[in-house]
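Residue-level structural notes
If you want the building blocks of each chain, they are given just below.
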Amino acid sequence: MKRLILVRHAKSNLNQPLVSDHNRILSESGRMDAKLIGQYLYNNNYFPSHIISSTATRTLETAKIIIKEIGFKNNIEKQSIIYGASVLEILNLIHNIDNKWNTVMLVGHNPTITQLINNITNIKIDYLPTCGSAVIDFNSNWKEIKKNGELIDFIYPKKIKEN
């Protein structure tokens, strides 16, 4: 079995007119939301053995906050292709994950992450909010992932705060 944890980056600071989209940092609420998601993943025993992130500042910042909360000790694999990637490009990236990793977290961007969830799981969602996370199980290796995923958890900061 393989488990994929898809995470959309947390809310970025939009008040940075002289900063490129790729280099935007998280807002304070985004940092708090990433910490909340990290705590949720920890409390529910969702521990990745490998993490892949877009090279955008806000995704790396999101990943670093989450891994601090879950106690992840390995390095983050940075993939520039995730920034602006199509679903097909992300699927190709997933298909090339080393099978020694059973649980992989991928931190990326919308609309691709929402589209990917809809493409590889048994459900359809309208929109993955910032710092939203989907935990998906597959009874296959990484190369065989297509529309065969079972969504086992779908969480986002507002949903946690409401409970």
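See above for the structure.
Summarised in this report is the structure supplied together with it. Counting restarts for each chain, with residues numbered from 1 along the sequence as it is written. Given that this is a predicted model, residues contribute local features only at a pLDDT of at least 70 and side-chain atom pairs are listed and counted only at 80 or more, while totals for whole chains, interfaces and linings are drawn from all residues. With hydrogens and water stripped out, all remaining heavy atoms of the structure feed into the side-chain values.

**A word on the packing of helix α1 (residues 28-43) against helix α2 (residues 57-70)**
Rules: Here, axes are lines fitted to C-alpha atoms. For helices the fit covers the stretch in contact, and angles between N-to-C directions go from 0 to 180 degrees. Where helices and strands are cited, they refer to DSSP runs of H or I of at least four residues and of E of at least two residues respectively, numbered from the N terminus. In this scheme, roughly parallel covers angles under 35 degrees and roughly antiparallel covers those over 145, while 65 to 115 is roughly perpendicular and the rest are oblique. Two helices crossing with the near one rotated counterclockwise from the far one by less than a right angle form a left-handed crossing, whereas a clockwise rotation gives a right-handed crossing. We call two residues in contact when some of their heavy atoms are within 4.5 Å.
At their nearest, the axes of α1 and α2 sit 8 Å apart, and the two run at 40° to each other. With respect to α2, the element α1 is oriented oblique. Between α1 and α2 the crossing geometry is right-handed. In this structure, α1 contributes Arg31, Ala34, Lys35, Ile37, Gly38, Gln39, Leu41 and Tyr42 to the contact, and α2 contributes Glu61, Thr62, Ile65, Ile66, Glu69 and Ile70.

**Points about the sheet that holds strand β3 (residues 77-78)**
Two orientations exist for strands paired in a sheet by backbone hydrogen bonds: parallel and antiparallel. For clarity, the cut-off: Pairing between strands requires that DSSP locate at least two bridges from one strand to the other.
Pairing is mixed across the open sheet formed by 6 strands, whose spatial order is β3-β2-β4-β1-β5-β6. Edge positions in the open sheet fall to β3 and β6 (150-155), since each of these has one partner strand only. The pairing of strand β1 (residues 2-8) with strand β5 (residues 133-138) spans 6 bridges and is classified as antiparallel. When the bridges of β5 are listed, Val7 appears paired with Ser133. Sheet strands in contact with α2 are β1, β2 (50-53), β3 and β4 (103-108), and its direction is about 140° off that of β4. Along the sheet, helix α4 (residues 112-120) makes contact with β1, β4 and β5, crossing β1 at roughly 150°.

**Overview of the pairing of β4**
Using the following cut-off: Only protein chains enter the calculation, and the probe is 1.4 Å; a residue is then buried if its accessible area is under 20% of its type maximum, exposed if over 50%, and partly exposed in between.
Of all 6 residues making up β4, 6 are buried, and the element is well covered by its neighbours. Here β4 shows two buried faces, one formed by Thr103, Met105 and Val107 and the other by Val104, Leu106 and Gly108. Here β1 pairs with β4 via 6 bridges, running parallel. Looking across to β4, one finds that Arg3 is bridged to Thr103.

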